[in-house]
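# Fold and contact review
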Amino acid sequence: IRQGEAALILRGARLQLRVIGALIIREMHTRFGRHYMGYIWLYFEPLLLGVCIGLIHAWRDSPTSFGPFEFHAVGYILFFVFRGILNRATTAINMNRALLYHRSVTLPDLFFARHIIEFLSCTGVMVFMFFGLFAVNGDLPESPLKVALAMIMMALFSQGLAFMAAALAEAVEGSERLVHAITYLLLPASGLFFLVEWLPEWLQDIALWIPMVHLFELLRDGQFGSRFHAVYDISYVLGWIMVTHLIGLAALRITRARMGLE
């Protein structure tokens, strides 16, 4: 790449980063207003739901080599990344349609801003949860890097699906209800409530076709490590991430063309 071309690419990248930063600020003001109490909900919602899920299973489930509370509470925060990104995708274009008249604002920018907010809020809650568990029982993740990798890959996988869901919502009226239903139907099959090694062998093969199961296994490997045998394939999930992004970005390109914005 010539020096002039590299400078042009760098200038374009800086412009898009400024656009995404402005969209993040706008999204925060739109969702939570200008009052600080609204911003607290950004962290309080996943924390509250994670703690509630953990307490329900701590009361119902028998103790194992790791406590049912920490197993389910931390796992639900990872699922909340998926749920938050995908459920908000169907309204992203309609709520920000006027912004697309600005040449520097692209359809993916709208999603990047939202997804960064969801990812950072869930990451903050995850860190807080681990500090709380350390204060109570002295446990820390055996591999924080694997926990972070599981969070990043879940966000990327969800983003690819979000691109596809948003394009579908623009093309088919009422499809957003189907997307919300699918997120709830995937909850029991996602790997949140089980480990692969707990399943019969014939069911393990079926479960491992679901990419989210690999991410929950990766999360638990980073959280508990030597206390169980983790089964996951990072390359398989990366394949899903690449395919969903290619299809999703192509669908958004078609959607933008059909919108006919100047």
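Everything below is about the structure printed above this text.
Residues numbered from 1 in each chain as written. Predicted model: local features only at pLDDT ≥ 70, side-chain atom pairs only at ≥ 80, totals over all residues. Heavy atoms only, no water.

### What about the pattern of salt bridges?
In total, this model carries 4 salt bridges according to the counting rule given. In this structure, E27 and R114 form a salt bridge, with 3.4 Å as the shortest nitrogen-oxygen distance. With E27 in helix α1 (residues 3-32) and R114 in helix α5 (residues 107-137), this pair connects stretches of sequence that are 87 residues apart. Classification of R114 by relative accessible area gives buried; the value is 6%. E118 is the salt-bridge partner of R88, the closest N and O atoms lying 2.9 Å from each other. Residue R88 is found in the loop between α3 (68-87) and α4 (92-95), and its partner E118 is found in helix α5; the two are separated by 30 residues along the sequence. Since its relative accessible area comes to 31%, R88 is described here as partly exposed. (Salt bridge = Lys/Arg side-chain N within 4 Å of Asp/Glu carboxyl O. Helix = DSSP H or I, 4+ residues; strand = E, 2+ residues; numbered from the N terminus. Buried < 20%, exposed > 50% of the residue type's maximum accessible area, 1.4 Å probe, protein only.)

### Observations concerning the packing of aromatic side chains
The tally for this structure, following the rule as stated, stands at 10 aromatic pairs. On the numbers, 6.1 Å between centres and 40 degrees between planes, the contact of Y76 with F79 is tilted. With a gap of 3 residues between them, Y76 and F79 both fall in helix α3, about one helical turn apart. Judged on exposure class, the residue Y76 and its partner F79 are both buried. Site record: aromatic cluster; members linked through ring pairs are Y76, F79, F80, F82, F157, Y236 and W240. In this structure, R220 is placed above the aromatic ring of F71, and the distance from its NZ or CZ to the ring centre is 3.8 Å. (Phe/Tyr/Trp six-rings, centres within 6.5 Å; stacked < 30°, edge-to-face > 60°. Lys NZ or Arg CZ within 6 Å of the ring centre and 35° of its normal.)

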